[in-house]
Amino acid sequence: MKEDKQSRREFVKQSSLLAGGLVAAPFLSHAGGYFNSVDDTIKIALVGCGGRGTGAAMQAMLTKQNVKLVAMADAFRDRLDSAYAALTDENSEEGNVKAKVAVPEANKFVGFDAYQKAIALADVVILTTPPGFRPIHFEEAIRQGKHVFMEKPVATDPAGIQRVLRAAEEAKKKKLNVVVGLQRHYQNSYRELFKRVKDGMIGEITSGQVWWNNDGVWVNMRKPGQTEMEYQMRNWYYFNWLCGDHINEQHIHNLDVMNWFKGDYPVKAFGLGGRQVRTGKEYGEIYDHHYVEYHYADGTILNSQCRHIKGTYAIVDEMFVGTKGVVKCGAAEITNKGKALYKYDRKNENNPYQTEHDELFAAIAKGEYKFADAENGAKSTLTAIMGRMATYSGQVIEWDKALNSGLSIMPTTFAWDADMPVKPDANGFYPVATPGVTRYFS
Ligand SMILES: NC(=O)c1ccc[n+]([C@@H]2O[C@H](COP(=O)([O-])OP(=O)(O)OC[C@H]3O[C@@H](n4cnc5c(N)ncnc54)[C@H](O)[C@@H]3O)[C@@H](O)[C@H]2O)c1
């Protein structure tokens, strides 16, 4: 225990030195906050105080480590307040973490620059805003020398992916742990299946199918008095600069498993998509279905479908066919011509949302550098973005071309009265991509 404490102090110190490029005495006051750490408390800042942010902060505080939530940041005060109320609720079903919440009024930050101030006060940062902001926030967290838990997806456009990849490199140099909330990597059944697939139980993967088909998610209707920026931020799911379409926001989980089990990333994609029922103005610009073929360098084609349409067949799962067998992730089994080769025992299943925090905070407390998830997070996000570009345009989208396009769909300024990259017409409808008309490359 004593050794652990000692090594964490050194690790924290070392990370800060690398981060700031400084040679400094221990406990020297520093904007990054590390040198103030005269005790072993791991200080956490939460950036993005919505549903997942509240859950992730709760899970961080339910780890065995000596952690404290010291700062919170959100674009909106009401969101920050409801997260604070949930995290200090002694009767919360998830657990009572009130004693670990130490966020005075002065450490509650609101607005577009709130993240910088909250990050400065912490050792570990939880980034859980809508994904459009992730590259900006991740870059800043790494610049300030902080360990990171960030939710998927990690961007909404190729320019954002490039920023995350650059910051991921920087994080490696600074030995900053980064966990991305692609929690299947932290789920026991997936880990056991992957081990066997990697060891050759199904041979070479030659085809496969991944799905995220269900009803869809919440809608926040426009309210009188909202600026266009506020409306889009409140109803973020339906605007690509914030969300990246549901192929990015949800289906990324399955696309990520596809890349993970295949052991590679696709070289090109093409597919079909549209919005058949999601036609109202409240649905902004995103589609309600996409079907994409992902082609890998060895010629393998893996298929992806995602749909948000009520009353249709619902399935969220992955299945891969190999030369010697088939793996079905949802059923957690491996078979060959109907004969069971392996069946995962469900009684050993864990809560992967908790495990990702348990493992991250244990590593930080021990002074270990163990997690570098950002590069894979960026590449799985690019897989989803490529799929969107393919369905929106009806063209073949190549990995290298998409990545190097530098395409940005983000606003150029962040302010409540900012000029927006997408605007409604006189009737409140937004432009929607049309295959054959929408083009990314000439
Ligand atoms: N891994 C998973 O299974 C899982 C599950 C749910 C959500 N998520 C991910 O978590 C992220 C958040 O989703 P959510 O469901 O919590 O959404 P949410 O709308 O409940 O929360 C997002 C919060 O971020 C705030 N925000 C927006 N822009 C901000 C900015 N620039 N600075 C600070 N705060 C800002 C919003 O006001 C809101 O409070 C998304 O990327 C989503 O894909 C992952």
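Predicted model, so just to flag it, every value in this text is computed and none were measured.

Turning our eyes to something else, we now look at the overall build of the protein chain. Of regular secondary structure, the protein chain possesses 13 helices and 15 strands. The dimensions of the protein chain, computed from C-alpha atoms along their principal axes, are 60 × 60 × 45 Å. Classification of the 442 residues of the protein chain by burial places 56% in the buried group. In the protein chain, the proportion of contacts linking residues at least 24 apart, taken out of those at least 6 apart, comes to 74%. Of the roughly 18500 Å² of accessible surface on the protein chain, a fraction of 51% belongs to carbon and sulfur atoms. Within the protein chain, one finds 54 positive and 52 negative side-chain charges whose respective centroids are separated by 2 Å.

What follows is about the sheet that holds strand E10 (residues 301-308). The 9 strands lie next to each other as E14-E13-E12-E11-E7-E10-E9-E8-E15, forming an open sheet whose pairing is mixed. Every other strand in the sheet has two partners, leaving strand E14 (339-343) and strand E15 (397-398) as the edge strands with one partner each. When strand E7 (residues 205-214) meets E10, the two strands line up parallel, connected through 8 bridges. Looking at E10, one finds that asparagine 214 is bridged to histidine 308.

A word on the pattern of salt bridges. Inspection of every chain in the model, using the stated rule, returns 25 salt bridges. With a closest N to O distance of 3.0 Å, glutamate 359 and arginine 191 form a salt bridge. Of this pair, glutamate 359 sits in helix H11 (residues 352-366) while arginine 191 is found in helix H7 (residues 188-198), placing the two residues 168 residues apart along the sequence. Note that lysine 343 is salt-bridged to glutamate 333, the shortest N-O span being 3.6 Å. Placement of lysine 343 in strand E14 and of glutamate 333 in strand E13 (residues 333-336) is noted, with a sequence separation of 10 residues between them. Residue lysine 343 is classed as exposed on the basis of its relative accessible area of 51%.

Considering only enclosed or pocket space, the largest pocket measures out at about 1100 Å³ in volume. Lining the largest pocket we find 49 residues, and of these Gly50, Thr128, Thr129, Pro130 and Trp236 sit closest to its centre. Mapped onto the lining of the largest pocket, the elements with two or more residues apiece are helix H2 (51-61), strand E2 (67-74), helix H4 (114-120), helix H5 (134-143) and helix H8 (228-234). Each residue belonging to the lining of the largest pocket can be placed in one class, and the counts come to 22 nonpolar, 16 polar and 11 charged.

Let us look at H2. Of all 11 residues in H2, 9 are buried, a share of seventy percent or more. Those residues of H2 that fall on the buried side of the exposure criterion are Gly53, Thr54, Gly55, Ala56, Ala57, Met58, Gln59, Ala60 and Met61. Where H2 is buried, its residues touch strand E1 (42-47), E2, helix H3 (77-87), strand E4 (124-127), strand E5 (147-150) and H11.

What the rule picks out here adds up to 22 aromatic pairs. A ring pair is formed by phenylalanine 76 and tryptophan 416, whose centres lie 5.1 Å apart and whose planes are at 35 degrees; its orientation type is tilted. Taken together, the residues span a long stretch of sequence, with phenylalanine 76 in the loop between E2 and H3 and tryptophan 416 in the segment after helix H13 (399-404) at a distance of 340 residues. The class of phenylalanine 76 is buried, set by a relative accessible area of 10%. Residue classification places tryptophan 416 among the partly exposed residues on the basis of a relative accessible area of 29%. A centroid spacing of 5.5 Å and a plane angle of 70 degrees characterise the contact between tyrosine 238 and tyrosine 283, whose relative ring orientation is edge-to-face. Within this pair, whereas tyrosine 238 is found in the loop between H8 and helix H9 (246-249), its partner tyrosine 283 is found in the loop between strand E8 (268-274) and strand E9 (289-295), the two being separated by 45 residues in sequence. By way of ring pairs, the aromatic residues Phe76, Phe112, Phe133, Trp241, Phe414 and Trp416 are connected into one cluster. Over the ring of tyrosine 231 we find arginine 222, and its NZ or CZ is 4.0 Å from the ring centre. For the cation-ring pair, arginine 234 lies above phenylalanine 76, with the distance from its terminal atom to the ring centre recorded as 3.6 Å.

Another point: the pairing of E2. Burial analysis of E2 places 7 of its 8 residues in the buried class, the great majority of the element. Relative to E2, E1 is paired through 6 bridges, and the arrangement is parallel. Residue pairing for E2: valine 47 is matched across the bridge by alanine 73. For the handedness criterion, the β-α-β arrangement of E1, H2 and E2 is classed as right-handed. Bridge analysis of E2 against strand E3 (residues 108-110) gives 3 bridges, and the strand direction is parallel. Across the sheet, the residue bridging to aspartate 74 is valine 110, located in E3. Handedness of the crossover joining E2 and E3 through H3 is recorded here as right-handed.

Let's shift gears to unusual backbone geometry. In this model, lysine 152 is joined to proline 153 through a cis peptide bond whose omega is -25 degrees. Note on placement: proline 153 falls in the loop between E5 and helix H6 (158-173). For alanine 332, which is not glycine, the phi dihedral falls at a positive 55 degrees. Position of alanine 332 among the secondary structure elements: in the loop between strand E12 (326-328) and E13. Exposure remark for alanine 332: the relative accessible area of 0% places this residue in the buried category. Positive phi, close to 50 degrees, is recorded for lysine 337, a residue that is not glycine. Counting through the fold element by element, lysine 337 comes out in the loop between E13 and E14. Given the relative accessible area of 83%, lysine 337 is considered exposed.

Thresholds applied
Residues numbered from 1 in each chain as written. Predicted model: local features only at pLDDT ≥ 70, side-chain atom pairs only at ≥ 80, totals over all residues. Heavy atoms only, no water. Helix = DSSP H or I, 4+ residues; strand = E, 2+ residues; numbered from the N terminus. Buried < 20%, exposed > 50% of the residue type's maximum accessible area, 1.4 Å probe, protein only. Contact = heavy atoms within 4.5 Å. Areas by Shrake-Rupley, 256 points an atom, 1.4 Å probe, with all protein chains shown as cover. Lys, Arg positive; Asp, Glu negative; His and termini not counted. Charge placed at Lys NZ, Arg CZ, Asp CG, Glu CD. Pairing = 2+ DSSP bridges. Salt bridge = Lys/Arg side-chain N within 4 Å of Asp/Glu carboxyl O. 1 Å grid on protein atoms, 1.4 Å probe; cavity = no way out; pocket = protein on both sides within 12 Å on 5 of 7 lines; lining within 4 Å. Points joined across faces, edges and corners; volume = space filled by probe spheres on them. Nonpolar A, V, L, I, M, F, W, Y, C, P; charged D, E, K, R; others polar. Phe/Tyr/Trp six-rings, centres within 6.5 Å; stacked < 30°, edge-to-face > 60°. Lys NZ or Arg CZ within 6 Å of the ring centre and 35° of its normal. Right-handed = clockwise from strand over helix to strand, strands pointing away.

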